[in-house]
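Results of the structural survey
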Amino acid sequence: MHAGGEPLRVVLPGGLPGLEPAGDGGGGPSSVLALRRRLLASPELDALRRLLMHEPRGHRDMYGALLVRGCKEEEEEEMPGAAGGVLFVHNQGASSMCGHAVLCLARLALDYGLRRPPPAATPEQEVPVTIHCPCGPVVAFASWDGQRSGSRVRFHSVPAFAAATDLMVDVPGYGKVVVDVAYGGAFYAFLSAEKLGLDVCSSKLRDLVDAASAVTKAVKAQFKVCHPLIEDMSFVYGTILTDGKDAFSDEPTSNLCVFADEQVDRSPTGSGVTARIALQYHKGLIQLGQTRTFRSSTTGSLFIGKAVKELKSGDHNAVIVEVSGESFYTGTSTFTLEENDPLKYGFLLK
């Protein structure tokens, strides 16, 4: 599948050995966070991640979603249309949230029976689909005509907030620059590409990737992020370079997200849009219910975001952000591993 051009390789529940929920007696429920920790700590599971993401089956910018059933959160919380849990994987490891993946998975959950649609569905009815992500439950809304989902999907984020504004960091090769840091299911550094002597829409992609990666490394070294409620979320995932158009406008604003090991998002980045809306709301640049359109500087694809509710996340003033976009199917695959293949677990070229 893909949303906004960003690929999503989905592994259905039970499709990956070792990720079945483990609990008392081996068959009980397990939290998505615990499964993420297991994935990150297990050389065997990491080898399977590399097999799916890396060449020759994938590429350095491939993204994946590993679906699991029987999550503890589903038993503990009343959630509309729970469709199970998901682990997000990329070229370096596992993430905490992925908006473009949620846009895809809401459709897949309905079409593949992971979330049973209401029996009295009316044409083009929106059906809520709850997906348990490492950052928390995310509720998506997918159109449903009684037989098949539609491409237009939206979701409501976990609480999103500004973590730091006007933070001065020393970026080797670029000097001292001012960045903002915000959380939208993952922590990102934000700054205008112009501050690095670049244009997010016209500069060479390699130059943008190098600059964003340098910023991420500098922020990690000089600023400690801390999620107030979930310690596992306390890491900087990447840097989002923007066109600097943060003030409210009906015109689209462009950005580019570079995350993990210099991985480039082809979409406007769902969790990045969430964090960027939270940042703009924090600065008083956007009000509740005002929509902004975000454009990927690589593909031109569009996501729409708006803050829909105020709340607290620990001591942070936070918002729930609605992100909408389109997702599409691209095919189905079966992968084979031959034990005598010296490259069976894949490789990356830089």
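Use the structure listed above.
About the cut-offs
- Residues numbered from 1 in each chain as written.
- Predicted model: local features only at pLDDT ≥ 70, side-chain atom pairs only at ≥ 80, totals over all residues.
- Heavy atoms only, no water.
- Helix = DSSP H or I, 4+ residues; strand = E, 2+ residues; numbered from the N terminus.
- Rg over C-alpha atoms; globule rule 2.2 N^0.38 Å.
- Buried < 20%, exposed > 50% of the residue type's maximum accessible area, 1.4 Å probe, protein only.
- Areas by Shrake-Rupley, 256 points an atom, 1.4 Å probe, with all protein chains shown as cover.
- Lys, Arg positive; Asp, Glu negative; His and termini not counted.
- Charge placed at Lys NZ, Arg CZ, Asp CG, Glu CD.
- Phe/Tyr/Trp six-rings, centres within 6.5 Å; stacked < 30°, edge-to-face > 60°.
- Lys NZ or Arg CZ within 6 Å of the ring centre and 35° of its normal.
- Pairing = 2+ DSSP bridges.
- 1 Å grid on protein atoms, 1.4 Å probe; cavity = no way out; pocket = protein on both sides within 12 Å on 5 of 7 lines; lining within 4 Å.
- Points joined across faces, edges and corners; volume = space filled by probe spheres on them.
- Nonpolar A, V, L, I, M, F, W, Y, C, P; charged D, E, K, R; others polar.

**A look at the overall build of the chain**
Each helix and strand in the chain was counted, giving six helices and 18 strands. A globule of 350 residues ought to have a C-alpha radius of gyration of about 20 Å, and the chain, at 19 Å, matches this closely. For the chain, with 350 residues in total, the buried portion stands at 53%. Accessible area of the chain: about 15000 Å², with a carbon and sulfur share of 50%. Placing the 34 positive and 40 negative side-chain charges of the chain at their respective mean positions leaves the two points 2 Å apart.

**Describing the packing of aromatic side chains**
Applying the stated rule across the entire model yields nine aromatic pairs. Between Y183 and F187 the ring centres are 4.8 Å apart and the planes differ by 50°, which places this aromatic pair in the tilted class. For Y183, a relative accessible area of 1% translates into the label buried. Centroid distance Y237 to F259: 5.1 Å. Interplanar angle 45°. Geometry classified as tilted. Highlighted residues: Y237 in strand 13 (residues 236-242) and F259 in strand 14 (residues 253-259), separated in sequence by 22 residues. Overall, F259 belongs to the buried group, its relative accessible area being 3%. A connected cluster of aromatic rings, assembled from ring pairs, spans Y63, Y188, F190, F235, Y237 and F259. Directly above the aromatic system of F141 lies the positively charged group of R154, at a separation of 4.2 Å from the ring centroid.

**Side note on the pairing of strand 17 (residues 302-313)**
Sheet topology note: the strand 16 (residues 292-296)/strand 17 ladder contains four bridges and is antiparallel. Residue T293 lies in a different strand from strand 17, and its bridge partner there is I304. Hairpin connection from strand 16 to strand 17: five residues lie between these consecutive antiparallel strands, with G300 at a positive phi of about 80°. Counted along the chain from strand 17 to the antiparallel partner strand 18 (residues 316-328), the turn is two residues long, and its residue G314 has a positive phi close to 65°.

**Here we look at the pairing of strand 10 (residues 161-171)**
Relative to strand 11 (residues 175-183), strand 10 is paired through eight bridges, and the arrangement is antiparallel. Across the sheet, residue A164 finds its bridge partner in strand 11, namely V181. Once strand 10 ends, the chain turns through three residues before running back antiparallel as strand 11, passing G173 with a positive phi of about 90°.

**Details of empty space enclosed by the protein**
This structure, assessed with the given rule, holds two cavities of 30 Å³ or more. Put simply, the largest cavity is a space of about 90 Å³. In this structure, the largest cavity is lined by 14 residues; those nearest its centre are C98, Y188, D265, T269 and S271. Class assignment of the residues belonging to the lining of the largest cavity gives a composition of seven nonpolar, five polar and two charged. Roughly 60 Å³ of volume is contained in the second largest cavity. Forming the boundary of the second largest cavity are L67, A83, G84, G85, L105, L108, A109, L114, T130 and I131. Secondary-structure elements contributing two or more residues to the lining of the second largest cavity are strand 5 (82-89), helix 4 (99-111) and strand 7 (125-133). Each residue belonging to the lining of the second largest cavity can be placed in one class, and the counts come to seven nonpolar, three polar and no charged.

Keep in mind these numbers describe shape, not what the thing actually does.
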